[in-house]
Amino acid sequence: MADSAERTDDIARERKLVDRAIAGDGAAISDVVRQLQDPLYRLALRMVSRPAEAEDATQEILLRVVGNLATWRGEAKLLTWAYRIGVNYLLNLERQTPQEAAQLSLDAYRDGLADGLAAEDHRGPEAELLTHEVRLNCTQAMLQCLTRDERVAFVLGDVFELGSAEAAWILGITAPAFRKRLERAKKRIGTFLNATCGVANPEAFCRCSRRVDKAVALGRVDPKRPVFARHAVHPGGRGVIEAEQQMIRLHDAAAVIRVHPDYAAPQAKMDAIAGLLNSGSFPMLD
């Protein structure tokens, strides 16, 4: 009962904010963008893999969300509703990730990890940083080996830890159908990690610290510009070290995937979106 009352109060507060935004209140529009930008960016990043593509996707999703605010009826919290718009956009993207384009399976990805694994851990002044970068790259790549339907179910259910009813509403399917889809994705990821990943299973062959040299040689990791390990983090959110400590403590497949910090959407891009929305040239839908 308490959770239901809290949810009702949250939606009531969001309703006031959205009504102001629909009326053209620039501060309210900026508040909506600010509330939604980081969660939507993290969703996009898990689906499209690379930050540059995630930035573009987040911009498009936010424009669609704000443009359709007048259609939000409070049937779900504002972020849940925004996730629904974002998921629909991301599932229908024409652009493919490299893994999708290559139709890379988890089995083929595992074989690739075994090729070029060093006999010893990478050493050097940036060894820890680069090991983090390899791990974060790897979890992104393995997600891309799932179908998009499986990937988004895994992200919503095991990474974002949404309940089956909420996740099913976002996807427009029944809760039993969502649970079945999530279980299929979890089984595939779990099987892969248990056979491959030394973090999930100490008996498995792969170690992030022994993949650094190969990842650098293949151009998947840039030692001068680590994409994920130095990515901006949401204020008050988990950083790389905190996320890794949580992974080690939980020591399961979901924790390995959740090792990513609580990333923040690039502020320059979000400021540009807010500026467009406040310019008076962006039509709010009636």
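Every value quoted in this text rests on a predicted model; they were computed, and no experiment measured them. (Residues numbered from 1 in each chain as written. Predicted model: local features only at pLDDT ≥ 70, side-chain atom pairs only at ≥ 80, totals over all residues. Heavy atoms only, no water.)

Enquirer: What am I meant to see in the overall build of the protein here?
Expert: Secondary structure assignment for the protein yields 14 helices and 0 strands. Taking 2.2 N^0.38 as the reference for a compact globule, 286 residues should give roughly 19 Å; the C-alpha atoms of the protein span a radius of gyration of 20 Å, in line with that estimate. Sorting the 286 residues of the protein into buried and exposed places 47% on the buried side. Of the contacts formed within the protein by residues at least 6 apart in sequence, a portion of 76% connects residues at least 24 apart. Total accessible area computed for the protein in this model is approximately 14000 Å², and 50% of it derives from carbon and sulfur atoms. (Helix = DSSP H or I, 4+ residues; strand = E, 2+ residues; numbered from the N terminus. Rg over C-alpha atoms; globule rule 2.2 N^0.38 Å. Buried < 20%, exposed > 50% of the residue type's maximum accessible area, 1.4 Å probe, protein only. Contact = heavy atoms within 4.5 Å. Areas by Shrake-Rupley, 256 points an atom, 1.4 Å probe, with all protein chains shown as cover.)

Enquirer: Would you explain the nonpolar core in this entry?
Expert: Side chains that are nonpolar tend, in soluble globular proteins, to be buried together. With 71 residues, the main nonpolar core has L69, L90, M142 and F154 as its most contacted residues. A per-element tally of this core places helix 2 (residues 26-48) first, with 12 residues. Not counting the four nearest positions on each side in its chain, M142 is found in contact with L106, Y109, I189, F192, L193 and I257. Among the nonpolar cores identified, the runner-up in size contains 6 residues, and C208, V212, A215 and V221 belong to it. (Core = buried A, V, L, I, M, F, W, Y, C linked by side-chain atoms within 4.5 Å.)

Enquirer: Can you walk me through unusual backbone geometry in this structure?
Expert: Among all residues except glycine, the phi angle is most often negative; among peptide bonds, the trans geometry is most common. For S49, which is not glycine, the phi dihedral falls at a positive 85°. In this structure S49 comes out as buried when scored by relative accessible area, which is 5%. The backbone of E161 shows a phi angle near 60°, a positive value even though the residue is not glycine. Relative to the elements of secondary structure, E161 occurs in the loop between helix 8 (148-159) and helix 9 (164-171). Note on E161: relative accessible area 55%, which makes it exposed.

Enquirer: When you look at the side chain of S209 in this model, what are you seeing that I'm missing?
Expert: Mapped onto the elements, S209 comes out in the loop between helix 10 (175-196) and helix 11 (212-217). Relative accessible area serves as the criterion here: at 16%, S209 is assigned to the buried category. A polar contact is formed between the side chain of S209 and the side chain of D121, at a distance of 2.8 Å. Every residue in contact with S209, bar those within four places of it in the chain, is listed here: E120, D121, H122 and T131. (Polar contact = N/O pair within 3.5 Å; in protein donor to acceptor, adjacent residues only side chain to side chain.)

Enquirer: Whenever I open this one, the packing of helix 4 (residues 78-91) against helix 8 confuses me. Can you help?
Expert: Two quantities define a packed helix pair, namely the angle between the helix axes and the distance between the axes. Relative orientation of the contacting elements helix 4 and helix 8 amounts to 150°, with a least axis distance of 10 Å. Judged on the interaxial angle alone, helix 8 and helix 4 are roughly antiparallel. In terms of crossing hand, the pair formed by helix 4 and helix 8 is right-handed. Every residue of helix 8 that contacts helix 4 at V87, L90 and L91 is listed here: R148, D149 and V152. Classifying every residue of the contact of helix 4 with helix 8 by side-chain character gives 4 nonpolar, no polar and 2 charged. (Axes fitted to C-alpha atoms, helices over the stretch in contact; angles between N-to-C directions. Parallel < 35°, antiparallel > 145°, perpendicular 65-115°, else oblique. Left-handed = near helix turned anticlockwise from the far one by under 90°. Nonpolar A, V, L, I, M, F, W, Y, C, P; charged D, E, K, R; others polar.)

Enquirer: Got a minute to help me understand the layout of surface pockets in this structure?
Expert: Empty space left among the atoms is revealed by rolling a probe the size of a water molecule over them. A volume near 820 Å³ is recorded for the largest pocket. Lining the largest pocket are 47 residues, and of these S49, R50, Q99, N137 and A141 sit closest to its centre. Among the elements of the structure, helix 2, helix 3 (51-67), helix 4, helix 5 (98-101), helix 6 (106-114), helix 7 (127-144), helix 8 and helix 10 are those that each provide at least two residues to the lining of the largest pocket. Looking at the lining of the largest pocket, the element that brings in the most residues is helix 7, giving 8 residues. Grouping the amino acids of the lining of the largest pocket by side-chain chemistry returns 23 nonpolar, 12 polar and 12 charged. (1 Å grid on protein atoms, 1.4 Å probe; cavity = no way out; pocket = protein on both sides within 12 Å on 5 of 7 lines; lining within 4 Å. Points joined across faces, edges and corners; volume = space filled by probe spheres on them.)

Enquirer: Explanation requested: the packing of helix 4 against helix 9 in the structure shown.
Expert: Close contact between helix 4 and helix 9 brings their axes to 8 Å; oriented N to C, the two are set at 45°. What the angle tells us is that helix 4 and helix 9 run oblique. The way helix 4 lies across helix 9 gives a crossing that is right-handed. Here T80, W81, Y83, R84 and V87 of helix 4 come into contact with helix 9, specifically with E166, W169, I170 and L171. In terms of residue class, the contact of helix 4 with helix 9 is made up of 6 nonpolar, 1 polar and 2 charged.

Enquirer: I would appreciate a short explanation of the environment of E100 in the present structure.
Expert: Topologically, E100 is positioned in helix 5. Separated by 119 residues in the primary sequence, E100 and G219 have C-alpha atoms spaced 18 Å apart. With sequence-adjacent residues up to four places away left out, E100 is seen in contact with R95, Q144, R148 and R151. A distance of 2.8 Å separates polar atoms of two side chains, one belonging to E100 and the other to R148.

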